[in-house]
Amino acid sequence: MKKNMGSCSNAVSMAFMACLVMNSLVFVAYGGDFYQDFDLTWGDRRGKIFNGGKLLSLSLDRVSGSGFQSKKEYLFGRIDMQLKLVAGNSAGTVTAYYLSSQGPTHDEIDFEFLGNLSGDPYILHTNVFTQGKGDREQQFYLWFDPTRNFHTYSIIWKPQHIIFLVDNIPIRVFKNAESIGVPFPKSQPMRIYSSLWNADDWATRGGLVKTDWTKAPFTAYYRNFNANACVWSGTGSSCGGTNSVSDGAWETNGLDAPGRRRLRWVQKYFMIYNYCTDLKRFPQGVPPECKRRF
């Protein structure tokens, strides 16, 4: 079982107090029921909630994809979702699962799963947008077949850092580097979004492999959503969740030693693209956060 995080007022890091906006707030529980927590927002009947609200599916066919979004907005915390991705020939499809605010200067924290031909691995594409600007891509292969079983994909979003995790293994850390002039998402509440859509102009081998519509409909499945997070109400935010954010000290203090070892393992053996090492893309020098050793 996960340990309870406690209220924001008891958090180890004083920076986490940023989620206590305007009011003295209480510890509130959220998560677990797709009827309660999400709206199917597009795709007609291609998005479905069943099993009493415990399971959700999105489908894509030649006419349309589908998507959903959370009813609530969040400002800091941990978001967990279990996904089982499109099986078989998923080339050209993208399953996106992300946090985002709205507007031209929006913030966004992305997981995108780029489909591939049968037998070839999915690519997990991650990105962080701040004030409307992204271009911070890191991509990974996974060390398992994400279509055979459900796996947990998590985002820890704190004022100090953003951590991407797969089955509770950290794969990426984006730290707050405002001290050297790099914007960090910390003031715009974000909703949770997911969509399944056709992107065969770029998703698989740069668009060389197109979607095989004879394999449609393509379907991805979701379960076991949990948000241990500060919920934004428009006048402030309340923080909580019945389950803990996880068993790691990195929840408030960054990665502990085992977490750093796991991160190095993933980045050594499974990372296939890192914007911080793409000198062709940045001939005048990589972005400033890439030069800083945390």
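Throughout, residues of each chain are indexed from 1 in the direction in which the sequence is written. pLDDT decides what is reported in this predicted model: residues at 70 or higher carry local features, side-chain atom pairs at 80 or more are listed and counted, and totals for whole chains, interfaces and linings draw on all residues regardless. Side-chain numbers come from the whole structure's heavy atoms, not from hydrogens or water.

**Considering the pattern of salt bridges**
In the sections that follow, a salt bridge refers to a side-chain nitrogen of Lys or Arg positioned within 4 Å of a carboxyl oxygen of Asp or Glu. Tallied over the full model, the rule gives eight salt bridges. For R136, the salt bridge is made with E289, and the minimal N-O distance between the two is 3.2 Å. With a gap of 153 residues between them, R136 in the loop between β8 (123-129) and β9 (138-140) and E289 in helix α4 (residues 288-291) connect regions that are remote in the sequence. Only protein chains enter the accessibility calculation, which uses a 1.4 Å probe; a residue whose area is less than 20% of its type maximum is buried, one above 50% is exposed, and one in between is partly exposed. By relative accessible area, which is 6% here, R136 ends up buried. A salt bridge links R281 to E137, with the nearest nitrogen and oxygen atoms 2.7 Å apart. Linking R281 in the loop between β16 (271-274) and α4 with E137 in the loop between β8 and β9, this pair joins segments that are 144 residues apart in sequence. E137 gets classed as buried once you look at its relative accessible area, which sits at 14%. In DSSP terms, a helix is any run of H or I states spanning at least four residues, a strand is any run of E spanning at least two, and both are numbered starting from the N terminus.

**Let's talk about the pairing of strand β7 (residues 108-114)**
Most of β7 sits inside the fold, with seven of its seven residues counted as buried. At least two bridges found by DSSP between two strands is the condition for calling them paired. Relative to β7, strand β6 (residues 93-100) is paired through seven bridges, and the arrangement is antiparallel. Within β7, the residue paired with Y98 across the bridge is D110. Where β7 and β8 come together, seven bridges link them in antiparallel fashion. Note on β8: the bridge partner recorded for E108 is F129.

**Here's the deal with unusual backbone geometry**
Note on backbone geometry: most residues besides glycine have negative phi, and most peptide bonds are trans. Residue P217 follows A216 across a cis peptide bond; omega there is 0 degrees. The backbone phi angle of D135 is positive, close to 60 degrees, even though this residue is not glycine. Examined against the element boundaries, D135 turns out to sit in the loop between β8 and β9. Despite not being glycine, N168 has its phi angle at roughly 70 degrees, a positive value. Assignment of secondary structure puts N168 in the loop between β11 (161-166) and β12 (169-175).

**Here we look at the confidence of the model for the protein**
For every residue, the predictor reports its confidence as pLDDT, a number between 0 and 100. Averaged over every residue, the pLDDT of the protein is 86; residues scoring 70 or more account for 82%. Every residue in residues 1-31 is under pLDDT 50, and counting partners more than four places away or in other chains gives 78 contacts. Scored below 50 in pLDDT, residues 242-250 shows 33 contacts in the model against residues more than four places distant or in partner chains. Only heavy atoms enter the contact rule, under which two residues are in contact if any of them lie within 4.5 Å.

**Points about the state of the cysteines**
The definition used for a disulfide is geometric: two cysteine sulfur atoms within 2.5 Å. Scanning all chains against the criterion turns up one disulfide. Disulfide partner of C276: C290, at an S-S distance of 2.0 Å. Between C276 and C290, the disulfide has an S-S torsion of -70 degrees and is therefore left-handed. Here C276, found in the loop between β16 and α4, pairs with C290, found in helix α4; they are 14 residues apart in sequence, far enough to count as distant. A residue is classified by how much of its surface remains accessible, and C276, at 21% relative accessible area, is partly exposed.

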